[in-house]
Amino acid sequence: MRLKVNGQEREAQEGTLLLDLVEVPTLCHHPHTETKGLCRLCLVEVGGRLVPACATEAQEGMEVRTDTEGLRALRRTLLEWLALATDLSQAPSLLELLEAHQGQPQRWGGLGLTRKEREPIRDNPFFLRDYAKCVNCRRCVDACGDGIMGVYALTLEDRGLLAHPTTPLDRPLPETPCVFCGNCIQVCPTGALRPLSMEV
Amino acid sequence: MRTTCPYCGVGCQVEPRLREGRIVEVRGAEIPPNHGALCVKGRFGLDFPFSKKRLLYPMVRESRQEPFRRVSWEEALDHAARKLLEVLQRKGPKALAVFPSAKTTNEEVYLAQKLARALLGTNHVDHCSRLCHSSSTAALSRSLGGASMTNPIEDIWKTDLFLVVGSNTTETHPVIGAMIKKRVRQGARLLVVDPRYTGMAEAATLWLRPRPGTDLFLFNAMARYILEEGLWDQEYVKERTEGFAEWQASLDPYTLEEAERLTGVEKEKIALAARLYATTERAGAYWAMGLTQHTKGTATVQALVNLALLTGKVGREGAGLNPLRGQNNVQGAGDMGGLPDVFPGYLKVSDVTARRRFEALWGVSLNPEPGLRMTEVFAAIPEVEALYLIGEDPVTSEPYQDHLKAKLEALPFLIVQDILENETTPFAHVVLPAASFLEKDGTFTNTDRRVQRVRKILDPPGEARPDWWITRELGKRLAQALGRPWTLHPGPEAIWEEIRRAVPEMMGGITYRRLEEQGVRWPCPQEDHPGEAVLFRQRFNTPSGKARFIPVHFTPPAETPSEEYPLVLSTGRVLYHWHGGTLSRNSRLQEAYPELKVEVNPKDAQRLGIGDGEPIQVVSRRGRIRARAWVTDRTPEGVVYAPFHFAEAPANRLTQDALDPISRIPEYKVAAVRLEKLD
C-alpha cells in the first residue's frame, strides 16, 4: 500500500505500525509486553487527528504528519511534565530526549503531586522498586501479566497523576505470585526497577 | 557480551553486564529462543562463578586418609595419567570409566568421550541425562529413530493443544512455561497430567491428577478409547507406521473403567482428554521427569509415543513429541557421544561402518562392545577401579545416597574435575579445577537442538582451566604413553571443526561464524542449510522409514506404601534451585529459598498432627532426612514431595535404586516413606 509521510510517498506492508514507518520518540511501546498507546510521546497527525503511532496501523492513502509545531510543543510539554513528576536520573535516553526538545521543566513552576519523594521498596533478595523513577509506562505490569509471564504480581493503581504500579493490595513481592523472573526490570525504561546487585 | 544461560535446556541467550569483575545485571538477548525473557535463575543466579567454594588449584593425594596436597598442573596431570594407565595395564579398559557432563560444552564432551574411546579403549562413557531423560531417549529411539524434541520451541505459537505430562514447566523450564501459558491465553487448550498442582495445572483447561506412577495406564486407556471412538488417524497409521495390529491387541485390558480404578482419574475426564488430543490437529505433547524417572519410565514414554502416532501428531508443525531436556547441554552431551553405546551423532559403537568412520578420523582401532551405563558403573565398583568425573556430583544426584557413598569409598581412583567443591569432592584422589561457563568459549545445544555459543567474558580464577584444556592435556599424556595419536587442538573452535568432520550429516553446516548472530539447529548438513525445525516430516529415522508402535504394559512401582511407610515420596525441583544445588545454592538464589521444604497434603498433615512450617523427619527404608513441612494441597493426599537440592538434607538418601530395565534410570518419583514429628 502507499501512504504519505510528511508529504513524501511511502510504501508499507499490510499491518505495519506507523511507529515502524516514522521517526518519533516513544516510551511505553514494547513489542514483547505489547504495551501501547499510553505515553502519548509518539502521537502523530493523521488527517488532522492525533493518533498514537505505536497503536495505529498504516492504511492506504493515509497522510501522516510527524513534525508539526503543535506536535513538537506537545512532546516537549509531555517530557517536561515527566521530568517534573519523576526522577529521570537513571533514564539517560529520556534526558537526551528532553534536551533534544529544549525542555525546560521549571517553566511550569512546581507540580503539586510528584513521585520523587517516594522511598525505594526493598522487599526481596533480587531487585528494588524505586517508584520515584517511575513514569507509569505500564511495561512492567504488562510484562508480568498478559504480555509475557501471565503471573500478574504487578498492577496499576489509581488514575491520572495518582496512577502508579504496585502489587495487588500493595503486598510485599514475596507474598504475591511473583516468580522474580525480572522481566519487569528488563522492560523498565527508567531504572525504577533495578537489580540489587547494581546498588553496590 | 552475549552468552548462553548455564541452567536449563531452554538455552536462553543472556547478556551479563560486568563491573569490576562482578555481574551487576543480566539482560535477556532479543533473539531466539527467549526473545528477551528470562527466569529467576538466568536473571539472578549467574553469580556462582564468584563463590568462595571455587576450586582454584590442582590437588592430589595418595589415599583418602591423607589431606589434599596443592600441586602444579604438570604434577596433577602426570599423576592422573599414570594412575589411569596403571589400571588400564593391570585390568584392561573395562576397569575405567569417563563421565563427561551435560553442563560442559559440546567441544568438551566430545573430547572427553574421545579420550575414553580412542585412548583408554573403554565405552564406559555416560553423563547425567542417564538420570533424567534416558527413558525418553530409549523410547523415542526405538520408535522414531531419534531422541530429541521433534518440534522447535517456536512451534508453541502454532500449537492449539498442549498435553503437558509430568513436567513442572513453570518452575523447571520457566521461559517455555510462560510461552505455553501465553499461547493458552491466546486460545489454545492445555491438558495437564500431574499428581501435583503445579503452575501448569493452575493454567490448565483440563487437569488430570493420576496417582503417582500410573500415567502409562492412563495413556493406554486414552489410546483404547480413541480407537473405539474411531478418532484415530487411519491414513497416517497406514502410511507412516508399523506394528499397529500387535499393539492394538495389547490395549485390551485398558478400559476407561479400569483406568479410573487404577489411576484415580474420573473416566469422563480421561475420555474428554483423549477426545481433545485426538481431534486437535496441532496438538503437541511435552513431558519431563514425571514420566521418565520410574522403573517403567521407558514404557511410559513409549505409551505416550504410541498415542501420538495413533493420532498422527509426529512430523507436523505445532504438534510433535517434545521431551523438555533438563541441563543446559543435555542434548549436546548425547549428540557428542557422551553415552556408552554410541559415538557422536548417535552412531552405534557396535556398528562396523560407524566404527570405521571414527577409526579413520581418530587413527586408532576402537572397542565394539557398548559400555556400562552410569548407574551400572557405580554398581560395578570395585570391578571398575578408576573414574574420571567431569562436572558431575553423583553423591547428590544418584539415588540411595548411603549406598553410593559406600561404593565411592571402595573406588581405588577418582578424578574430580569441577568448578565448585561439592558432595563428591571429598571422595577424590585428584581434584582438577575447571573454568565456569563465564570463563571459556564453546557451544551448548539446547532442548530443541539449537547449537549456541558460549563466550568467555572473564578469566578463570586461581589456576582453574577450561575443561577442554584439562582433557586435552590429560589426553596428551595418555597418548604419549600409549603411543596413540591425539590432536592438540588450539581451542574450542578447532575441536568444533573436528566435530563437523565427524558428523557432517548433523553438524557439517554449523560454523562458529554462523553462530555469531544466533544459534543454528541440527541437522544442518551444509553451510547454506537453515537447520531443521520439525523432524520426521516425510520419514522416520528407522530402517523402514516408518515409526514403530511398541506394546507396553502397566506394572506397579518397585516400592508401594506399607503400614510402616504409608506415604509415597516424589522428588523434583523448585523454581529457585538447580539439581544438586551446587550452582544455585552458591548464588543469590540461595537467599530466596534457603532450606528444604517438604510438601505435605493438609489431610495427611492433620492426621499426623503436623503444622505448616513445623520441623519433621522424612524416613524411608534407606535413611532419614530433616525438613520443614509445607502443608499445601499442591501435593495430593498420600504423597509428599521433596526437592533434591539440599546437600544437608538430601532427598536422595531416601530414594531407591530400583532401575528401569531398558534405560537404567532410577525410580526417583516413587519411594515409600513415613513422616515423623520433631519436637
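The rules behind these values
Residues numbered from 1 in each chain as written. Chains lettered and ligands numbered in written order. Predicted model: local features only at pLDDT ≥ 70, side-chain atom pairs only at ≥ 80, totals over all residues. Heavy atoms only, no water. Helix = DSSP H or I, 4+ residues; strand = E, 2+ residues; numbered from the N terminus. Rg over C-alpha atoms; globule rule 2.2 N^0.38 Å. Buried < 20%, exposed > 50% of the residue type's maximum accessible area, 1.4 Å probe, protein only. Contact = heavy atoms within 4.5 Å. Areas by Shrake-Rupley, 256 points an atom, 1.4 Å probe, with all protein chains shown as cover. Lys, Arg positive; Asp, Glu negative; His and termini not counted. Charge placed at Lys NZ, Arg CZ, Asp CG, Glu CD. Expected span 1.5 Å × (residues − 1). Buried area = accessible area lost by both parts, 1.4 Å probe. Salt bridge = Lys/Arg side-chain N within 4 Å of Asp/Glu carboxyl O. Polar contact = N/O pair within 3.5 Å; in protein donor to acceptor, adjacent residues only side chain to side chain. Phe/Tyr/Trp six-rings, centres within 6.5 Å; stacked < 30°, edge-to-face > 60°. Lys NZ or Arg CZ within 6 Å of the ring centre and 35° of its normal.

1. Considering the overall build of chain A
Now for step 1: If you tally the helices and strands in chain A, you get four helices and nine strands.
Now for step 2: Taken from N to C terminus, the helices and strands of chain A fall in the order β-β-β-β-β-α-α-β-α-β-β-α-β.
Now for step 3: Its C-alpha atoms give chain A a radius of gyration of 18 Å, within 12% of the compact-globule value 16 Å for 200 residues.
Now for step 4: Each principal axis of the C-alpha atoms in chain A carries an extent, and together these give about 55 × 40 × 30 Å.
Now for step 5: Considering chain A as a whole, with its 200 residues, one finds that 54% of them fall into the buried category.
Now for step 6: In chain A, the proportion of contacts linking residues at least 24 apart, taken out of those at least 6 apart, comes to 58%.
Now for step 7: Carbon together with sulfur atoms contributes 49% to the accessible area of chain A, which is approximately 10000 Å² in total.
Now for step 8: A gap of 3 Å separates the mean positions of the 22 positive and 27 negative side-chain charges of chain A.

2. Description of the side chain of histidine 529 of chain B
Now for step 1: Examined against the element boundaries, histidine 529 of chain B turns out to sit in the loop between strand 18 (520-521) and strand 19 (547-548).
Now for step 2: Not counting chain neighbours up to four residues away, the residues in contact with histidine 529 of chain B comprise Arg514, Pro523 and Cys524 of chain B.

3. So, helix 14 (residues 297-310) of chain B
Residue and element names in this part refer to chain B.
Now for step 1: In a regular helix each residue adds 1.5 Å, so 14 residues correspond to 20 Å; helix 14 covers 20 Å between its end C-alpha atoms and thus fits that length.
Now for step 2: Burial analysis of helix 14 places 14 of its 14 residues in the buried class, which makes it a mostly covered element.
Now for step 3: Note on helix 14: the residue one or two positions beyond its end, glycine 312, has a positive phi of about 65 degrees.

4. Quick look at the interface of chain A and chain B
Now for step 1: Of the residues lining the interface, 26 residues belong to chain A; the matching set on chain B comes to 25 residues.
Now for step 2: Between chain A and chain B the total buried area reaches about 2100 Å² when both faces are included, carbon and sulfur atoms providing 47% of it.
Now for step 3: Seen at the junction of chain A and chain B, the total is two salt bridges.
Now for step 4: The salt bridge partner of lysine 182 of chain B is glutamate 34 of chain A, with a shortest N-O separation of 2.6 Å.
Now for step 5: Here chain A and chain B share 17 residue pairs in polar contact (both at pLDDT 80 or more) between them.
Now for step 6: Only helix 3 (139-147) and helix 4 (183-187) of chain A provide two or more residues apiece to the side of chain A that touches chain B.

5. Description of the packing of aromatic side chains
Now for step 1: Considering all chains together, one arrives at 27 aromatic pairs over all chains under this definition.
Now for step 2: Seen in terms of ring centroids, phenylalanine 127 of chain A and phenylalanine 44 of chain B are 6.2 Å apart; in terms of plane orientation they differ by 10 degrees. Their pairing is stacked. Taken together, the residues phenylalanine 127 of chain A in strand 6 (residues 127-129) and phenylalanine 44 of chain B in helix 1 (residues 40-44) connect one chain to another.
Now for step 3: The buried category is assigned to phenylalanine 44 of chain B, whose relative accessible area is 6%.
Now for step 4: Residues phenylalanine 343 of chain B and tryptophan 362 of chain B carry aromatic rings whose centres are separated by 6.2 Å and whose planes lie at 75 degrees to one another, so their mutual orientation is edge-to-face. Here phenylalanine 343 of chain B, found in the loop between helix 15 (330-335) and helix 16 (352-362), pairs with tryptophan 362 of chain B, found in helix 16; they are 19 residues apart in sequence, far enough to count as distant. Each member of the pair phenylalanine 343 of chain B and tryptophan 362 of chain B is classed as buried.
Now for step 5: Directly above the aromatic system of tyrosine 277 of chain B lies the positively charged group of lysine 313 of chain B, at a separation of 5.4 Å from the ring centroid.

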